[in-house]
Amino acid sequence: MSWLTEYVRPKIRGLLKREVPDNLWTNCESCEQMILTKDLRKALNVCPHCGHHMRATVPERLEWTFDNGEYTRIELPKVPVDPLSFRDRKRYTDRLKDERAKSHLEESMAVAHGQIGGHNAVVAVMAFEFIAGTMGAALGEAFLAAARLAILQQSPLIVFTASGGARMQEGMISLMQMPRTTVAVQMLKEAGLPYFVVLTNPTTGGVSASFAMLGDVQIAEPNALIGFAGQRVIEDTVREKLPEGFQRAEYLLEHGMLDMVVKRGDLREVLGRLTAQLNYRHIAPRAA
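Residues numbered from 1 in each chain as written. Predicted model: local features only at pLDDT ≥ 70, side-chain atom pairs only at ≥ 80, totals over all residues. Heavy atoms only, no water.

An unreviewed UniProt entry annotates the chain as Acetyl-coenzyme A carboxylase carboxyl transferase subunit beta originating from Komagataeibacter xylinus. One UniProt comment on the chain, placed under Subunit (unreviewed entry), says "Acetyl-CoA carboxylase is a heterohexamer composed of biotin carboxyl carrier protein (AccB), biotin carboxylase (AccC) and two subunits each of ACCase subunit alpha (AccA) and ACCase subunit beta (AccD)." (UniProt positions renumbered as here; feature names shortened; annotations may be inferred.)

Take a look at the structure:
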């Protein structure tokens with residue numbers, strides 16, 4: 001009896017009281033089905049029930065895009081912090097500090113280089129997890145750095161967009177990044193290098209009105225929201241009812257604003273093939 005009470009009973013109680021981790025399951029944002037988190041990660045954050053493409057973090061994007069998940073991040077130029085001394089519910093400097101601690105990122109864009117399909121490439125990823133991927137001076141500098149690196153390496157530049165638009169805390173400085181990023185795209189064109197854009201959910205505002213729609217090849221993930229202003233704002237302005245899903249990737253593909261809609265699991269293969277086809281002049285010949 002002592003063996004049962006002193007050993008077996010405590011073991012049973014320990015099993016019964018064991019807590020289930022909070023992050024064991026994830027709810028799909030679209031169909032609301034429960035998905036094991038580990039299964040969702042294996043599926044690249046795509047719901048196995050309805051195919052909904054959930055948001056991805058910067059490290060996930062980079063790992064999924066480069067061969068064997070191997071890449072090198074570059075250090076990005078520093079910019080003046082809070083040039084307008086902006087404050088809403090909190091100081092802009094405090095907001096940046098909180099966002100950096102929460103996301104483990106310095107800003108809303110990260111840049112890395114490596115190989116895709118065996119070919120060199122530079123990839124810039126917008127971080128929606130950092131102030132909704134908004135575009136400020138730091139993003140403009142990051143984009144220019146990515147373009148210069150691509151020219152230096154004679155590689156294509158691939159940009160994954162995910163943004164709520166311009167960053168209001170930087171006012172006109174944020175809007176000035178629209179022409180700056182456009183100049184960077186022109187630098188790539190003059191160097192004869194491909195520029196690919198992968199639009200993910202959501203891509204809106206000043207980002208969609210600048211570098212996000214200037215790619216040599218425009219790709220989008222399924223059902224991604226892509227547009228400048230929201231549907232309600234547009235309908236109030238034009239005083240007309242707009243078609244259902246008119247800002248979704250499939251509608252834009254049908255009306256000639258995109259070249260292809262590609263499922264996340266196929267993106268690396270598609271980008272590798274495009275890199276080989278459109279950057280052939282800069283690929284070193286293989287040894288015999």
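(A) Representation of the nonpolar core. Grouped together as the largest cluster of nonpolar side chains are 34 residues, with contacts concentrated most on Met 109, Phe 143, Leu 157, Tyr 195 and Phe 211. With nine residues, the top contributor of residues to this core is helix H5 (residues 137-153). Once residues within four sequence positions are removed from consideration, Phe 143 is found in contact with Met 109, Leu 157, Val 159, Thr 181, Ala 184, Val 185, Tyr 195 and Phe 211. Leu 62, Phe 66, Phe 160 and Val 270 belong to the second-largest nonpolar core, a separate cluster that totals 26 residues. (Core = buried A, V, L, I, M, F, W, Y, C linked by side-chain atoms within 4.5 Å. Buried < 20%, exposed > 50% of the residue type's maximum accessible area, 1.4 Å probe, protein only. Helix = DSSP H or I, 4+ residues; strand = E, 2+ residues; numbered from the N terminus. Contact = heavy atoms within 4.5 Å.)

(B) Expanded view of the side chain of Thr 203. If you trace the backbone, Thr 203 turns up in strand S7 (residues 195-203). With relative accessibility at 0%, the residue Thr 203 sits in the buried group. A distance of 2.9 Å separates the side chain of Thr 203 from the side chain of Thr 161, its partner in a polar contact. Setting aside its immediate chain neighbours within four residues, Thr 203 contacts Thr 161, Ala 162, Ser 163, Ser 208, Ala 212, Leu 225, Ile 226 and Gly 227. (Polar contact = N/O pair within 3.5 Å; in protein donor to acceptor, adjacent residues only side chain to side chain.)

(C) Focus on the UniProt feature "binding site: Zn(2+)" (unreviewed entry) in the chain. The sites that carry the UniProt feature "binding site: Zn(2+)" (unreviewed entry) are, in the present numbering, Cys 28, Cys 31, Cys 47 and Cys 50. Maximum C-alpha separation among the annotated residues is 8.7 Å over a sequence range of 23 residues, consistent with a single clustered spot. The residue Cys 28 is located in the loop between strand S1 (25-27) and strand S2 (34-36) in this model. Cys 28 gets classed as buried once you look at its relative accessible area, which sits at 2%. Setting aside chain neighbours within four positions, we find Cys 28 in contact with Gln 33, Ile 35, Cys 47, Cys 50, His 52 and Met 54. Accessibility expressed as a relative area gives 29% for Cys 31, which makes it partly exposed. Sequence-distant contacts of Cys 31, defined by excluding residues within four places in its chain, comprise Cys 47, His 49 and Cys 50.

(D) Geometry of the sheet that holds strand S6 (residues 157-163). Spatial strand order, S3-S4-S5-S6-S7-S8-S9: seven strands in an open sheet with mixed pairing. At either end of the open sheet lies a strand with only one pairing partner, and these are strand S3 (71-73) and strand S9 (260-261). As paired elements, S3 and strand S4 (residues 109-116) share three bridges and run antiparallel to each other. Bridged to Tyr 71 within S4 is Gly 114. (Pairing = 2+ DSSP bridges.)

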